[in-house]
Number of protein chains: 2
Amino acid sequence: MTLNELAPEALADLAAKVRAEYEELQARNLKLDLTRGKPASEQLDINNELLALPGENFRAKDGTDCRNYGNLKGIADIREIWAELLGLPVELVYAGDSSSLNIMFDLVSWSYIWGNNDSERPWKDEEKVKWVCPVPGYDRHFTITETLGFEMINVPMLEDGPDMDAVRELVKDPQVKGMWTVPVFGNPTGITFSERVARELAEMETAAPDFRIVWDNAYAVHVLGNKFPEVINVLELAEQAGNPNRFWFMSSTSKITFAGAGVAFFASSAENLAWYTAKAGVRGIGPNKLNQLAHAQYFGSAEGVRAIMRKHAASIAPKFQSVLEILENRLGEHGVATWTRPEGGYFISLDVVDGTAARVVELAREAGIALTEAGSSFPLHEDPDNRNIRLAPTLPPVEEVEVAMDGVATCVLLAAVEKLGV
Amino acid sequence: MTLNELAPEALADLAAKVRAEYEELQARNLKLDLTRGKPASEQLDINNELLALPGENFRAKDGTDCRNYGNLKGIADIREIWAELLGLPVELVYAGDSSSLNIMFDLVSWSYIWGNNDSERPWKDEEKVKWVCPVPGYDRHFTITETLGFEMINVPMLEDGPDMDAVRELVKDPQVKGMWTVPVFGNPTGITFSERVARELAEMETAAPDFRIVWDNAYAVHVLGNKFPEVINVLELAEQAGNPNRFWFMSSTSKITFAGAGVAFFASSAENLAWYTAKAGVRGIGPNKLNQLAHAQYFGSAEGVRAIMRKHAASIAPKFQSVLEILENRLGEHGVATWTRPEGGYFISLDVVDGTAARVVELAREAGIALTEAGSSFPLHEDPDNRNIRLAPTLPPVEEVEVAMDGVATCVLLAAVEKLGV
């Protein structure tokens, strides 16, 4: 029976029980952390072989000495593997340094300074720049557009991607210059965009000729089971729709090999790549090719990458399973929360009773359980309903995830009964 | 006897001889390249041990797992070595990814977007931004300020650094926001700034409160002999002078270990570092710590770095020696050129007869010898005297350097006699 359906006495009994549980929780002096989407040591261990590569084999297969300067596109050895994995033509996939977030920041900030290849003027010279932000979404995306002073407009995430009616309406405004997305196993919802949504994003008319969708495919192959998601070639969809420059397509090995020491990828139309490269060639001489070569040697092939992802799944799927089971067992009957059930990615998105997310995070903190701050998955950290909490279960051992989540469930219930004034 | 002192018949004889030599040169169908300041394979081989590092030892000495996310400052292991090498306090030395040019671009372009920590407004909102450019200088520096639309003002390089009277005069203009320098074994002159010049740069009054000197110490330890240059702590000089935020101090291992795959460093005042880190933390999560750790393990200490530099010197000093000997033997008596005699760095700067540099490069190209384009070491590629040529002798084997330089000498002479109308 949900809290709202309980008779007053039953509700009072439950409240007393929850308060007692919370006191017990505090007494345990826990120090647990579910805040960051970091891989666990056990996952990193999967790739230790990479730590000694490339060894003496410092030449790319075209003969390039990767120890010397040059090549803004990155070496073909790794670009070919990634192109196959993402279902894209290799000539449209560039390999960079370790961080795709770096590349996204550069793309947006360079558009601000100079305009992009379809801009009538630099974005800094626009009266206002607006940006479509499906919510909840990735906090670091929103921080980039916040730092540049863009007006961020929330669009709700539905089951198979953002609300496309809302998006189509927004992009009629020429001040709307772009949109953040995490199309596969999204952060924090775990939602994967359907082929329909991808197609509609590729096809929709936008008032701004220089409108861009950051297609941050950070979790393209990050499954929890054995089934890899369908690969959607949005670059082709966009070209067929007459919008060839619509997507800035990002990917990286950060949560495949080593976080912060992997290889990032930027795929886009030839025109977009030429624009990017012209600026990147002013910023520097080229990415770390030795790290790219080491990765290519280590993966061997696209199938090599998938084999590694199966090992990651074996490590983290039990943690996700624990979270879901505890949420169901502790909260399922009370109608105080809903949550996503991702088949991949790094997060579970938990919606608690409206108006109580910040209180849940506070209660958890006071019981020694660190949760990502309420509102973190929204532009300006403002969750209009104060209900969303991002759970990141990958880093701690499964036993800690269980203890932490049981505690979180208590906090969710306590905040809910507090809200009811019981 | 110089060309100008020769009697008409003697000059005609010399011209005929030079033309014959040039014809012979062309007949050899050479394909030689003195354009880029790249290390030779032999130099890269010095460091092959690094290619298998860090191996299984993935923890920094403070226990950090370098395989995971985090740490915008870089790991202490490598920062301590570099701080000792540069004579700077470790807390003011941050370690980044592979390219210091990347960091310079970010510093300047972020000042453009947001202003730096001493700006009254973003540089984009200034009516005009001007930049002091000692010439000849590093082409990639000038390209950054060109791309941002800054007005670049040439200042001549003297024997121990830029003409400080000229610099002091220029910085009275509040639109002058910064200055490029390569203070040790400069590109392309090989000139090292004296302690007096460093002190005057630290002490001079500038009208702009947010004026910055990019102190690009790219060749800090890149000697051709055994004697390492005196380390000047410009950060301390600036602080003592009441201008603590004056210098953005850059360094990297690019020409110590692997070009484009090393570790770059940014040293500055605590305030400057805090400003940089606030923006860098929006751009990304942190640099590649595994590469930093591998470098720290490989170097071991500051003395370890110097030992590597002695090996580089053994490889490239003979090439510099060849260039200088051929210039002296072929051109010394004719008064058609002057050149620098660097004790370190990657370049020799050659000044030919005024108005003939572009012709020399053209003649060389037609004889199969690629030289850096005339004017490359000047803002907008405009050498007002059309006389400077940058020679980069490190990449080819010494035999090729000799053949190429002998050919270049012929081209210098031919252009000179052409200029005299002989």
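Up top is the structure.
Per chain, residue numbering runs from 1 following the sequence as it is written. Chains carry letters and ligands carry numbers; both start at the beginning, A for chains and 1 for ligands, and go up in the order they are written. Only residues with pLDDT of 70 or above have their local features reported here, since the model is predicted, and side-chain atom pairs are shown and tallied only from 80 upward, although totals for entire chains, interfaces and linings are computed over all residues. Based on all heavy atoms of the structure, the side-chain values leave hydrogens and waters out of the count.

A. The overall build of chain A, seen in detail. Under the scheme used here, helices are H or I runs from DSSP no shorter than 4 residues and strands are E runs no shorter than 2 residues, and both carry numbers assigned from the N terminus. Secondary structure summary: chain A contains 13 helices and 13 strands in total. Radius of gyration means the value over C-alpha atoms here, while the globule rule gives 2.2 Å times the residue count to the 0.38 power. Computed over the C-alpha atoms, the radius of gyration of chain A is 23 Å, within 12% of the 22 Å expected from 2.2 N^0.38 for a compact globule of 422 residues. Principal-axis analysis of the C-alpha atoms places the extent of chain A at approximately 75 × 50 × 30 Å. Throughout this description, buried means an accessible area under 20% of the type-specific maximum (1.4 Å probe, protein chains only), exposed means over 50%, and partly exposed covers the range between. Taking all 422 residues of chain A together, the buried fraction comes to 63%. Only heavy atoms enter the contact rule, under which two residues are in contact if any of them lie within 4.5 Å. Here the analysis covers contacts within chain A between residues at least 6 apart in sequence; of these, 77% occur between residues at least 24 apart.

B. The pairing of strand E8 (residues 247-252) of chain A, seen in detail. Residues and elements named next belong to chain A. Most of E8 sits inside the fold, with 6 of its 6 residues counted as buried. Across the two faces of E8 the burial is the same, with Phe247, Phe249 and Ser251 and Trp248, Met250 and Ser252 all buried. Between any two strands, pairing holds if DSSP finds at least two bridges. As judged from the 4 bridges shared by E8 and strand E9 (residues 264-267), these two strands associate in the antiparallel manner. Within E9, the position partnered with Phe249 by the bridge is Ala267.

C. Region of the structure containing the pattern of salt bridges. One side-chain nitrogen of Lys or Arg within 4 Å of one carboxyl oxygen of Asp or Glu is enough to make a salt bridge. The full count for this structure, using the stated rule, is 62 salt bridges over all chains. Arg67 of chain A is paired through a salt bridge with Asp45 of chain B; the nearest N and O atoms lie 2.7 Å apart. Placement of Arg67 of chain A in the loop between helix H2 (41-45) and helix H3 (76-86) and of Asp45 of chain B in helix H2 (residues 41-45) is noted, with the two residues assigned to different chains. By relative accessible area, which is 39% here, Asp45 of chain B ends up partly exposed. Among the salt bridges present, the one from Arg199 of chain A reaches Glu195 of chain A, with a minimum N-O distance of 2.8 Å. With Arg199 of chain A and Glu195 of chain A both in helix H7 (residues 195-203) and 4 residues apart, the pair spans about one turn of that helix. A relative accessible area of 32% means that Arg199 of chain A is categorised as partly exposed. Salt bridges sharing partners connect three or more residues here, namely Asp160, Asp165, Arg168, Arg196 and Glu200 of chain A.

D. Summary view of empty space enclosed by the protein. Points on a 1 Å grid over protein atoms alone make up a cavity when a 1.4 Å probe fits among them but cannot get out, and a pocket when they form an open set with protein on both sides within 12 Å along at least five of seven lines; lining residues each have an atom within 4 Å of a point. Grid points are joined across faces, edges and corners, and a volume is the space filled by probe spheres set on the points. In the structure shown here, the tally under the stated rule is 7 cavities of 30 Å³ or more. By volume, the largest cavity amounts to about 620 Å³. Elements with a contribution of two residues or more to the lining of the largest cavity: strand E2 (93-95), helix H4 (100-114) and helix H9 (270-283) of chain A together with strand E2 (93-95), helix H4 (100-114), strand E9 (264-267) and helix H9 (270-283) of chain B. The class makeup of the residues in the lining of the largest cavity is 22 nonpolar, 11 polar and 7 charged. In terms of lining, the second largest cavity is formed by 21 residues, of which the most central are Leu53 and Asn291 of chain A together with Leu53, Pro54 and Asn291 of chain B. Secondary-structure elements contributing two or more residues to the lining of the second largest cavity are helix H10 (289-299) of chain A together with helix H10 (289-299) of chain B. Broken down by element, the lining of the second largest cavity gets its largest block of residues, 4 residues, from H10 of chain A. Amino acids are sorted into nonpolar (Ala, Val, Leu, Ile, Met, Phe, Trp, Tyr, Cys and Pro), charged (Asp, Glu, Lys and Arg) and polar (every other residue, Gly among them). Across the lining of the second largest cavity, the residue classes tally to 16 nonpolar, 5 polar and no charged.

E. How the structure looks around unusual backbone geometry. That bond from Val135 of chain A to Pro136 of chain A is cis: its omega, -5°, falls within 30 degrees of zero. Examined against the element boundaries, Pro136 of chain A turns out to sit in the loop between strand E3 (130-135) and helix H5 (139-147). Of the consecutive residues Asn187 of chain B and Pro188 of chain B, the connecting peptide bond is found in the cis state with omega at 5°. Looking at the element boundaries, Pro188 of chain B is found in the loop between strand E6 (176-181) and helix H7 (195-203). Positive phi values are uncommon outside glycine, yet His381 of chain A reaches one of about 60°. The topology assignment puts His381 of chain A in the loop between strand E12 (369-370) and strand E13 (388-391). On the basis of relative accessibility, which here comes to 44%, the residue His381 of chain A falls in the partly exposed class. A positive phi angle is found at Leu380 of chain B, which is not glycine, with a value near 60°.

F. Broad picture of the interface of chain B and chain A. Each partner contributes to the interface: chain B provides 53 residues, whereas chain A provides 53 residues. Each of two parts loses accessible area, computed with a 1.4 Å probe, when they are put together; buried area is these two losses added. Summed over both partners, the interface of chain B with chain A comes to about 4,700 Å²; 54% of that surface belongs to carbon and sulfur atoms. Among the residues of chain B in contact with chain A, Arg67, Tyr69 and Arg283 of chain B are the three that bury the most area, contributing 18% of the side total. Across the chain B-chain A interface, the total number found is 4 salt bridges. The term polar contact refers here to a pair of N or O atoms within 3.5 Å; inside protein, the definition further demands a hydrogen-donor-capable atom paired with an acceptor-capable atom, and it admits residues adjacent in sequence only when both atoms are side-chain atoms. Our count for the contact surface shared by chain B and chain A stands at 22 residue pairs in polar contact (both at pLDDT 80 or more). For the side of chain B that touches chain A, the secondary structure elements donating two or more residues are H2, H4, helix H5 (139-147), H9 and H10 of chain B. No other element matches H4 of chain B, which puts 9 residues into the side of chain B that touches chain A. Among the residues forming the side of chain B that touches chain A, the class breakdown is 25 nonpolar, 16 polar and 12 charged.

G. Focus on the relation of the copies chain B and chain A. Residues below a pLDDT of 70 in either copy are left out; the C-alpha atoms of the rest, at least 70 in both, set the least-squares superposition of the copies. Between the two copies, chain B and chain A, the superposition gives an RMSD of 0.0 Å; the rotation angle is 180° and the shift along the axis is 0.0 Å. Such values leave the two copies arranged in the relation of a two-fold axis. Identified as the residue of chain B closest to the rotation axis by C-alpha distance is Ala52 of chain B, at 2.1 Å. Of the interface residues in chain B, 100% have counterparts in chain A that sit at the interface too, so the contact is made through matching surfaces.

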